[in-house]
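Chain residues, written in single-letter form:
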Amino acid sequence: MISRRTRLATAAVVLTATTLLPTAASAQAPSFIMAWGTHGSGDGQFDVPSGVAIGPAGNVYVVDQANNRIQVFTSDGAYITQWGTEGSGNGQFRFPLAVAADAGGKIYVTDHYNYRVQVFTSGGAYVTQWGTVGSGNGQFDGGPNGVVVGAGGNVYVSDFERIQVFTSGGAYIAQWGTLGSGNGQFNSAWNVATDAGGNVYVVDSGNFRMQVFTSGGAYITQWGTQGSGNGQFGDLGGVAVDASGDVYVADLGNRRIQAFTSSGAYVAQWGSGIGQFSGPTAVAVDAAYNIYVSDLSNRIEKFGPLPTPAAAVTWGALKSRYRSGASPEAK
């Protein structure tokens, strides 16, 4: 098992200390809208933002990891509120990693070094928690990494070698996964997302791939290998799925976001020029298909939706239009 507990903090030092190397941008890459954040501990500042989620009201929740807090913003980056300090009490954190929101507005945070998941209201009031250190049901062996709430309200948590499933109140339901590189095995299950149909997408970081499962853990498919080409990955971060089923993966090692269909077909990538990344750690998509990326440059970057590819016009179709008397521009 690859130990990755200090991965993001280490990556922040390494990536920001070097010249940013632009990655190729796809013709279908989304447009850059805005960015917010600088390094620090003040309101709207970050020290290693490691996770991002969109609440049902459209607000943006950011895991400010080294500051051991959650910050909340409007979709345009205006600061709203924050909660959390370093510690092990209710509402405190030790190395928070990921954040998710459910349909009712409750916020779930993986509190890695405290080996637990904490739940809050949308405004940051403590609700409940679950988890202890260990390998039993409902315990976290390596510490919880990613978290997502499925369409049915169940909570999926990635725990290095397995995915565990809970009710919204923390009652254990099921799990799947073991250490390895086979179908349904993991080598550092780093983050997790679900689609509208209930399928579960797992960032299998140590194996440089995405794996997809049913809501009950049955293996469906996978894609990815180590590298820098289209559909390949360096060190992986977060994953998000939009309402249409497109999958967005934070390819932290290659400093880019890659987009795929739900079956893993490559769609687009971006990470050069305006909106360039130092190291994208997580990604989220709102109801309008805008894309939010937390980056090791200590900022959140917002992009518009993926462009809809223009319909291809074949030579045969053009000839058919001329035969019928239609202009080449006619559809």
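Residues numbered from 1 in each chain as written. Predicted model: local features only at pLDDT ≥ 70, side-chain atom pairs only at ≥ 80, totals over all residues. Heavy atoms only, no water.

Comments concerning the overall build of the protein chain
Thinking step 1. Each helix and strand counted, the protein chain has 2 helices and 24 strands in total.
Thinking step 2. Scored against the burial criterion, the 331 residues of the protein chain give a buried share of 52%.
Thinking step 3. For the protein chain, the share of sequence-separated contacts (at least 6 apart) that also reach a separation of at least 24 residues comes to 48%.
Thinking step 4. In the structure as shown, the protein chain presents an accessible area of about 12800 Å², 52% of it carried by carbon and sulfur atoms. (Helix = DSSP H or I, 4+ residues; strand = E, 2+ residues; numbered from the N terminus. Buried < 20%, exposed > 50% of the residue type's maximum accessible area, 1.4 Å probe, protein only. Contact = heavy atoms within 4.5 Å. Areas by Shrake-Rupley, 256 points an atom, 1.4 Å probe, with all protein chains shown as cover.)

Regarding the sheet that holds strand β10 (residues 147-149)
Thinking step 1. One open sheet holds the 4 strands; their spatial order is β10-β11-β12-β13, and the pairing between them is antiparallel. Each end of this open sheet is capped by a strand with a single partner; those strands are β10 and β13 (172-176). Sheet twist, expressed as the mean angle between neighbouring strand axes with direction ignored, is 20°.
Thinking step 2. The sheet contact formed by β10 and strand β11 (residues 155-158) spans 3 bridges and is antiparallel. (Pairing = 2+ DSSP bridges. Axes fitted to C-alpha atoms, helices over the stretch in contact; angles between N-to-C directions.)

Quick look at the sheet that holds strand β18 (residues 239-241)
Thinking step 1. With antiparallel pairing, the 4 strands of this open sheet are ordered in space as β18-β19-β20-β21. This sheet does not close on itself; its edge strands, each paired only once, are β18 and β21 (266-270). Across the sheet, the axes of successive neighbouring strands diverge by a mean angle of 20°, strand direction being ignored.
Thinking step 2. Pairing analysis gives 5 bridges linking strand β19 (residues 247-251) to strand β20 (residues 256-260), with the strands arranged antiparallel. When the bridges of β20 are listed, Tyr248 appears paired with Ala259.

Some words on the pairing of strand β14 (residues 189-194)
Thinking step 1. Across the 6 residues that make up β14, a large majority, 6, are buried.
Thinking step 2. Bridge count between β14 and strand β15 (residues 200-204): 5 bridges; the pairing is antiparallel. When the sheet's bridge partners are listed, Ala189 is paired in β15 with Asp204.
Thinking step 3. Two successive antiparallel strands, β14 and β15, enclose a turn made up of 5 residues, where Gly198 displays a positive phi of approximately 95°.

Some details on the pairing of strand β22 (residues 280-285)
Each regular strand shows side chains that alternate between the opposite faces of the sheet.
Thinking step 1. Of all the 6 residues making up β22, 6 are buried; the element is thus mostly covered by neighbouring parts of the structure.
Thinking step 2. By the bridge criterion, 5 bridges tie β22 to strand β23 (residues 291-295) in an arrangement that is antiparallel. Bridge pairing in β23 places Val285 opposite Ile291.
Thinking step 3. The turn linking β22 back onto β23 is made up of 5 residues, and Tyr289 within it adopts a positive phi angle of 70°.

Thoughts on the environment of Tyr79
Thinking step 1. As for its position among the elements, Tyr79 is in strand β5 (residues 79-83).
Thinking step 2. When the C-alpha atoms of Tyr79 and Gly44 are compared, they prove to be 5.9 Å apart, with 35 residues separating the residues in sequence.
Thinking step 3. Residue contacts for Tyr79: discarding those within four places in its chain leaves Asp43, Gly44, Gln71, Val72 and Phe73.
Thinking step 4. A distance of 3.0 Å separates a polar atom in the side chain of Tyr79 from a polar atom in the side chain of Gln82. (Polar contact = N/O pair within 3.5 Å; in protein donor to acceptor, adjacent residues only side chain to side chain.)

Quick word on the nonpolar core
Thinking step 1. Counting residues in each nonpolar core, the largest one holds 17 residues, and the members touching the most others are Met210, Trp223, Val247 and Val249.
Thinking step 2. Those elements that place two or more of their residues in this core are β14, β15, β16 (209-213), β18 and β19.
Thinking step 3. Ignoring sequence-local partners within four residues, the contact set of Val247 consists of Tyr201, Trp223, Val239, Ala240, Val241, Gln258, Ala259, Phe260, Thr261 and Ser262.
Thinking step 4. Within the second largest apolar cluster, 15 residues are counted, among which are Trp270, Phe277, Val285 and Phe303. (Core = buried A, V, L, I, M, F, W, Y, C linked by side-chain atoms within 4.5 Å.)

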